[in-house]
Structure formats: structure tokens, C-alpha cells
Amino acid sequence: MTKPEPVFPANRHALYEQHGYSAAIRTGDLLFVSGQVGSREDGTPEPDFEAQVRRAFANLEATLAAAGCSLADLVDVTTFHTDPETQFATIMKVKAEVFPAPPYPNWTAIGVNWLAGFDFEIKVIARIPRTPAI
């Protein structure tokens, strides 16, 4: 059995230390990524909603890269939204840029009433690509 291993992006933001969690946990060939939000390096939310969504995806990509993964390796996506009805168009715009062509990942969107000062969060599971044997 593989021991779970924490993964952090190179420029990790302050929230990991402030709230005591890992950006992701690698176990076997799976990577379980904690919810990524649109936080600046100091842990504060990006105030503009679209910029916050973009930053959440950038934080996600940095965490995936730290484990040798990319968006193409996603197995499961869950997003959390504080006001889905008014945020949907913006999220879909950014999503179309991040995932411009099929195959698209499976996706579950959940409306919530609180995200610790944030308005969007994305949590994923990815399969870590195998490195070719030499």
C-alpha cells in the first residue's frame, strides 16, 4: 500500500498554513486536490469575480503541475458557487477557455452559501500519468 504524500505548488499561498491543509494528496496513481480558490499569495480573495475564477484555475494548474499532472489528467471536477444563478455565465466563459475542446471532464456544480470569503472553489481528482520506463 502506498503512503499518501502531500503535494504543494512552488508558490503556495498562505491559506495552506493558515488553515492547516495540503494543496493535494498523492496516493498511488491518483491525486486528490483540495478545493482551490482565487486567492492571492497572501491568502486574500481576488475581489473581481472573473479574476477570482481565473486565479482559482491558475492555482489548480500549479498544484497539478507540482504532481506532474495537467488539466488533461482530470478524472472528476466539483465546483462550489456562492451565487450560481448570477455567476454561471462568467464561470462558463472561463471554463470554455480552460477546456476549449472535448473530451471535457465530468463536472458537478454545487451552490453553497459560504466559502470563507471566496465566491468560487474547484476541487478535482486526477490520475497521475505514468512515467515511461527507461
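Below, the structure is looked at part by part. As the structure is a computational prediction, the values presented were derived from the model and not from experiment.

Reading the values: the criteria
Residues numbered from 1 in each chain as written. Predicted model: local features only at pLDDT ≥ 70, side-chain atom pairs only at ≥ 80, totals over all residues. Heavy atoms only, no water. Helix = DSSP H or I, 4+ residues; strand = E, 2+ residues; numbered from the N terminus. Rg over C-alpha atoms; globule rule 2.2 N^0.38 Å. Buried < 20%, exposed > 50% of the residue type's maximum accessible area, 1.4 Å probe, protein only. Contact = heavy atoms within 4.5 Å. Areas by Shrake-Rupley, 256 points an atom, 1.4 Å probe, with all protein chains shown as cover. Lys, Arg positive; Asp, Glu negative; His and termini not counted. Charge placed at Lys NZ, Arg CZ, Asp CG, Glu CD. Phe/Tyr/Trp six-rings, centres within 6.5 Å; stacked < 30°, edge-to-face > 60°. Lys NZ or Arg CZ within 6 Å of the ring centre and 35° of its normal.

What follows concerns the overall build of the protein. Looking only at helices and strands, the protein has three helices and six strands in total. Starting at the N terminus and ending at the C terminus, the protein contains elements arranged as β-α-β-β-α-β-α-β-β. Its C-alpha atoms give the protein a radius of gyration of 15 Å, within 12% of the compact-globule value 14 Å for 134 residues. Of all 134 residues assigned to the protein, the portion counted as buried reaches 37%. Long-range pairs, those at least 24 residues apart, make up 70% of the contacts in the protein between residues at least 6 apart in sequence. Within the structure as shown, the protein displays about 7,600 Å² of accessible surface, and the carbon and sulfur contribution to it stands at 57%. Separation of charge centres in the protein, based on 11 positive and 16 negative side chains, amounts to 7 Å.

Turning to the packing of aromatic side chains, a few remarks are in order. The full count for this structure, using the stated rule, is four aromatic pairs. Where F57 meets W107, the ring centres are 6.4 Å apart and the plane angle is 45°; that geometry is what we call tilted. Of this pair, F57 sits in helix α2 (residues 49–66) while W107 sits in strand β5 (residues 107–111), and the two are 50 residues apart along the sequence. Owing to a relative accessible area of 22%, W107 belongs among the partly exposed residues under this scheme. Cluster of aromatic residues (ring-pair linked, three or more members): F57, F99, W107 and F120. Directly above the aromatic system of W107 lies the positively charged group of K95, at a separation of 4.7 Å from the ring centroid.

What follows deals with unusual backbone geometry. The peptide bond linking P102 to P103 adopts the cis configuration, its omega dihedral lying at 5°. The phi dihedral of A116 falls on the positive side, at around 55°, and the residue is not glycine. For A116, the location among the structural elements is in the loop between β5 and β6 (120–127).

This part is about the environment of A66. Inspection of the secondary structure assignment puts A66 in helix α2. Spatially, the C-alpha atoms of A66 and F8 are 6.4 Å apart, while their sequence positions differ by 58 residues. The residues contacting A66, other than those within four sequence positions of it, are V7, F8, P9 and R26.

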